[in-house]
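Spelled out, the chains give:
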Amino acid sequence: MPADPSNRAAVEVAMQRRAWIRAAGVLAGGALMPMCSSLAAQGELQLRFNFGMNNPGATDLPVQRLWMYLPVRRNAWWTLDGVETGLPHELQSDPLGHTILFVAIDRLGAYARRVAALTVNLKQSAAPLPAARDARDWLAPERYIESDHEAIAAQALALKSATDAQTLRNIYDFVAASMDYAGYMPEDFGALYALRQRRGDCSEYACLVVALCRASGIPARMVEGYVTDRSFAPRPMDFHDWAEVLVDGQWRVVDAQKRALMERDAHYIAFRYYRDKALNGVGLAHRYRIDGEMEFSV
């Protein structure tokens, strides 16, 4: 009997998130310590990564493929200004403005290990850029964002106010006050779980904010990336989820877990806008996807 595609997707996502955290020990060495100089004040910012690609077996591996998210091409504050790496690669994109690094390795010998450095350059806008015209597409329920569930609809109604601004404030206050941070959780649980259990990691905080906003008729989306005010070398545990809400024609950060309501927006570097369907080679994975048997760390 064919496997349920939704189950396969859930397993893939959970395995990718576990691999992402397991890589933390590899990346904690001195070569990837945060850079001391802050370039954000000068309108530029740099993120630096190291790749490790290993063949764990005694047999050569044929073509191995990697798709990995880089910062989105443009968000409210930052524009991708260049990618530097000695690794042969291709930069791909999709309709949401994602940037995907694609790498194909023709052959990886037995027990071979390849390493490569990657530097991403970003340029800051003098003022926040307006949202794209498709912003109101972010109103429908999705997997993990169950804005049409009766429990979420009832809670949204209880938080509804005369203005969207006050409704948003009520949603933020409710999620920040009622949720307990559980630390990293390797599986996704979503908004309904967060509402019922009142606990979760950053993704549950973000999903619940987004679901309550959508149930209130306010466009919102879950975003994944990094939070920083300076150039640095991100570690796996730095990867973070937050909500963005459409306010007066601009996407604004609403991060109930880190207690940021439409402030410090320029510190949030978006890599992925969550959708519950595959839009590019990364598929439904959070950060990257491998087609092959090699081990990968970043």
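See the structure above.
Residues numbered from 1 in each chain as written. Predicted model: local features only at pLDDT ≥ 70, side-chain atom pairs only at ≥ 80, totals over all residues. Heavy atoms only, no water.

For the rest of this paragraph, the subject is the environment of Arg-252. Here Arg-252 shows up in strand 11 (residues 250-255). The class of Arg-252 is partly exposed, set by a relative accessible area of 23%. With 121 residues separating them along the chain, Arg-252 and Ala-131 place their C-alpha atoms 9.8 Å apart. Apart from residues no more than four positions distant in its own chain, Arg-252 is found in contact with Ala-243, Glu-244, Val-245, Val-247, Met-262, Glu-263 and Asp-265. (Helix = DSSP H or I, 4+ residues; strand = E, 2+ residues; numbered from the N terminus. Buried < 20%, exposed > 50% of the residue type's maximum accessible area, 1.4 Å probe, protein only. Contact = heavy atoms within 4.5 Å.)

For the rest of this paragraph, the subject is the pairing of strand 10 (residues 240-247). Here strand 10 lies mainly inside the structure; 7 of its 8 residues are buried. Bridge count for strand 9 (residues 220-227) against strand 10 is 6 bridges, and the pairing is antiparallel. In the sheet register, Val-223 faces strand 10, and the bridge partner there is Trp-242. Bridge count for strand 10 against strand 11 is 5 bridges, and the pairing is antiparallel. In the sheet register, Leu-246 faces strand 11, and the bridge partner there is Trp-251. Counting the residues that bridge the hairpin from strand 10 to strand 11 gives 2 residues, and of these Asp-248 lies at a positive phi of roughly 50°. (Pairing = 2+ DSSP bridges.)

Before going further, it helps to spend a moment on the sheet that holds strand 1 (residues 44-54). Strand order in this open sheet of 4 strands is 3-6-1-15, and the pairing throughout is antiparallel. Of all strands in the sheet, those bounded by a partner on one side alone are strand 3 (78-85) and strand 15 (295-297). For this sheet the average axis-to-axis angle between neighbouring strands, irrespective of direction, equals 20°. Of the pairings in the sheet, the one linking strand 3 to strand 6 (residues 113-124) comprises 7 bridges and is antiparallel in character. (Axes fitted to C-alpha atoms, helices over the stretch in contact; angles between N-to-C directions.)

What follows concerns the sheet that holds strand 13 (residues 268-273). On the basis of which strands lie adjacent, the open sheet formed by 5 strands has the order 12-11-10-9-13 and antiparallel pairing. At either end of the open sheet lies a strand with only one pairing partner, and these are strand 12 (260-261) and strand 13. Pairing between strand 9 and strand 13: 5 bridges, direction antiparallel. The residue bridging Val-227 from the neighbouring strand is Tyr-268, located in strand 13.

Turning our attention to unusual backbone geometry. Its identity as a non-glycine residue notwithstanding, Tyr-111 has a phi of 60°, on the positive side. Checked against the element boundaries, Tyr-111 lands in the loop between strand 5 (99-105) and strand 6. Given a relative accessible area of 57%, Tyr-111 falls into the exposed group. In this structure, Arg-198 is a non-glycine residue whose phi angle is positive, near 60°. With respect to the helices and strands, Arg-198 occurs in the loop between helix 5 (191-197) and strand 8 (199-200). With relative accessibility at 31%, the residue Arg-198 sits in the partly exposed group.

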